[in-house]
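So you can see what is in the structure, the chains are spelled out below.
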Amino acid sequence: GPSNYSWYGIPSKIFEYISNNVPVVSTDVAFYSQEIPKNNLGILVDPRKELVFSAIDTIKRNYSFYAGAINHYRVSWNKLVRDFYRERFDVLIETD
């Protein structure tokens, strides 16, 4: 599982990749250890070169699957955030 250090230090790069529909290859860190596999946002690996290369190859071969899953995740997440603010702060958040 994630180390204590990684639990409190969520890498922001992964948020950036997901926000740009880029599937991720990540080690088992905090929040991502559950979200990535559960939502097909990419692949978790042990930090060994051959496993990273294999994960990249898998994503390349199945890119449309991962990109579609990321898009679905982003839409769901955006709705969750809008609803949260609307319910708690009576704020209407504009959408695209």
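Residues numbered from 1 in each chain as written. Predicted model: local features only at pLDDT ≥ 70, side-chain atom pairs only at ≥ 80, totals over all residues. Heavy atoms only, no water.

Student: For this particular structure, what's the right way to read the nonpolar core?
Tutor: Nonpolar side chains tend toward joint burial in soluble globular proteins. Counting nine residues, the largest nonpolar core is built from I14, I18, V24, V29, Y32, I36, L41, I70 and Y73. Every element with two or more residues in this core is listed here: α2 (12–19), α3 (32–39) and α5 (63–89). With five residues, the next largest nonpolar core counts I43, V45, A55 and I59 among its residues. (Core = buried A, V, L, I, M, F, W, Y, C linked by side-chain atoms within 4.5 Å. Buried < 20%, exposed > 50% of the residue type's maximum accessible area, 1.4 Å probe, protein only. Helix = DSSP H or I, 4+ residues; strand = E, 2+ residues; numbered from the N terminus.)

Student: What is the right way to look at the layout of surface pockets in this model?
Tutor: When its volume is computed, the largest pocket comes out at roughly 190 Å³. Along the walls of the largest pocket sit F15, I18, S19, F31, Y32, E35, L41, Y73, R74, W77 and N78, which together make up its complete lining. Breaking the lining of the largest pocket down by element, the ones donating at least two residues are α2, α3 and α5. Examining the composition of the lining of the largest pocket, we find that four residues originate from one element, α5, more than from any other. (1 Å grid on protein atoms, 1.4 Å probe; cavity = no way out; pocket = protein on both sides within 12 Å on 5 of 7 lines; lining within 4 Å. Points joined across faces, edges and corners; volume = space filled by probe spheres on them.)

Student: Whenever I open this one, unusual backbone geometry confuses me. Can you help?
Tutor: Trans peptide bonds make up the majority, and among non-glycine residues the majority have a negative phi. One non-glycine residue, N21, lies in the positive phi region at around 60°. One can find N21 in the loop between α2 and β1 (24–26). If you check the backbone angles, N40 has positive phi at about 55° while not being a glycine.

Student: I would appreciate a short explanation of the packing of aromatic side chains in the present structure.
Tutor: Aromatic rings considered in pairs are described by the distance between their centres and by the relative angle of their planes. Considering all chains together, one arrives at two aromatic pairs under this definition. Residues F65 and Y66 carry aromatic rings whose centres are separated by 5.1 Å and whose planes lie at 80° to one another, so their mutual orientation is edge-to-face. Note on Y73 and W77: the rings are 6.4 Å apart at their centroids and 15° apart in plane angle, and the pair reads as stacked. With a gap of four residues between them, Y73 and W77 both fall in helix α5, about one helical turn apart. (Phe/Tyr/Trp six-rings, centres within 6.5 Å; stacked < 30°, edge-to-face > 60°.)

Student: How do you make sense of a nonpolar patch on the surface when you look at a structure like this?
Tutor: Taken together, the side chains of V25, F53 and I56 present a nonpolar region at the surface, about 250 Å² in accessible area. Along the chain, F53 falls in helix α4 (residues 49–61). Overall, the relative accessible area of 53% leaves F53 in the exposed class. (Patch = residues over 30% accessible without salt bridge, like charges linked within 9 Å, V, L, I, M, F, W, Y side chains within 5 Å. Areas by Shrake-Rupley, 256 points an atom, 1.4 Å probe, with all protein chains shown as cover. Salt bridge = Lys/Arg side-chain N within 4 Å of Asp/Glu carboxyl O.)

Student: Would you mind showing me how to read the pattern of salt bridges here?
Tutor: Working definition: two side chains of opposite charge can pair if their charged atoms are close together. The final tally for this structure, using the stated rule, is four salt bridges. For R48, the salt bridge identified is with E50, shortest N-O distance 3.2 Å. Of the charged contacts in the structure, one is a salt bridge between D57 and R61, with a shortest N-O distance of 3.1 Å. Residue D57 and its partner R61 are both found in helix α4; the two are separated by four residues, about one turn of the helix.

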